[in-house]
Amino acid sequence: MDFSTTVVLGAIAGFTILLGLPLARLKEPSRALQGFCNALAAGILVFLLWDVITKASDPVNIALANAKHGAVAPFVGLVTLFVVGFGLGLLGLFYIEKTLIRPTAHGVRAGDVTPRQLALMIAVGIGAHNFSEGLAIGQSAVTGAISLATILIIGFGLHNMTEGFGIGAPLVAAGVRPSWRFLALVGLIGGGPTFLGTIVGFGFQSTYVFVAFLSLAAGSILYVVGELLNAGRRLGFRELAGWGLLLGFLAGYATDLIVTWGGA
Ligand SMILES: [Zn+2]
């Protein structure tokens, strides 16, 4: 696949995240809908967490098999990146949270992360995942393993729509109606990296960069899932939330199957 076609595919794969974001503009959602949306986002992100850990582990496992035959250095390098990336993604957000939330005089938390801050953190986690996704697309384009197929465009569109939901739903859950400008910003943070990654992956390939961004994504997504589950407990509607979790996870899984079927 030539460079310009690859760029088009990267743009489609990246900016379809904008399709899911307008959900956040819902006017005065009921408390039940808030609980459902919050759980839906958690379900989508649990799927993504599983997805990024699996994808990051593949090259580590291959390197481990090669280490048996003497090539130890690549395994050590990859496993170190995995641990450091995961730790940075996870702890990084806990420390950012600590900085964002001013402690009271008694050192007690003054409040929680605001819905907008949470949406930004989710966008960062999804952005790290999408940079790796872009790298993989760019790399497949070079080797000719991928084409600008309709099924792939539909697959990416739906997959990234769920990611857009994942970013926007916590705002609905908190009854916060963000501006279009804010949605464009989180869309750019979450989806822009796919586009960038596709261009980078077309010109340069590195398993190390791939694993680094996936493990960063895994750590930050784990943080966000914790926050969402915590918010869900306060919102109530437990059974409905259970359904939201299930449907969010399955939506992520289904769209991933479509993308895989499409050849990515
Ligand atoms: Zn993605």
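Sequence order sets the numbering: in each chain, residues are counted from 1 along the sequence as written. Restriction of local features to residues with pLDDT of at least 70 applies here, the model being predicted, together with a cutoff of 80 or more for giving and counting side-chain atom pairs; totals for whole chains, interfaces and linings are based on all residues. Only hydrogens and water are set aside; all other atoms, that is, all heavy atoms of the structure, feed into the side-chain values.

Participant: Requested: an account of the packing of aromatic side chains, with residues and values cited.
Facilitator: Each Phe, Tyr or Trp ring, with Trp reduced to its six-membered ring, pairs with another whose centre is within 6.5 Å; inter-plane angles below 30 degrees give stacked pairs, above 60 give edge-to-face pairs, and intermediate values give tilted ones. Enumeration over the complete set of coordinates arrives at nine aromatic pairs. Ring centres of Phe15 and Phe195 lie 5.8 Å apart, and the angle between their planes is 50°; on these two criteria the pair is classed as tilted. Highlighted residues: Phe15 in helix H1 (residues 3–15) and Phe195 in helix H6 (residues 180–203), separated in sequence by 180 residues. Aromatic side chains Phe47 and Phe249 sit 5.7 Å apart centroid to centroid with 80° between the ring planes, which places their arrangement in the edge-to-face category. Of the two residues, Phe47 sits in helix H2 (residues 31–67) while Phe249 sits in helix H8 (residues 238–261), which places them 202 residues apart along the sequence. Classification of Phe47 by relative accessible area gives buried; the value is 1%. For the exposure calls, accessible area comes from a 1.4 Å probe over protein chains only, and a residue counts as buried if that area is under 20% of its type's maximum, exposed if over 50%, partly exposed in between. Classification of Phe249 as partly exposed rests on a relative accessible area of 28%. Ring pairs connect the aromatic residues Phe47, Trp50, Phe249 and Tyr253, which therefore count as one cluster. Sitting over a ring, as applied to charges here, requires NZ of Lys or CZ of Arg to be within 6 Å of the ring centre and within 35 degrees of the ring normal. Between the NZ or CZ atom of Arg116 and the centre of the ring of Phe182, over which it lies, the distance is 5.9 Å. Only DSSP runs of H or I reaching four residues or more are called helices, and only runs of E reaching two or more are called strands; each is numbered from the N terminus.

Participant: Talk me through helix H5 (residues 150–173); I want residue IDs and the actual numbers.
Facilitator: The end-to-end C-alpha distance of H5, which contains 24 residues, comes to 34 Å, matching closely the 34 Å that a straight helix rising 1.5 Å per residue would cover. The quantity called bend is, for any residue, the angle between two axes fitted respectively to the seven residues ending at it and the seven beginning at it. Residue Ile167 marks the point of greatest curvature in H5, where the axis turns by about 35°; the proline Pro170 follows within four residues. With respect to burial, H5 is a largely interior element, 17 of its 24 residues being buried. At the C-terminal side of H5, Gly175 shows a positive phi close to 70°. In this analysis, the expected span of each helix is defined as 1.5 Å times one less than the number of residues it contains.

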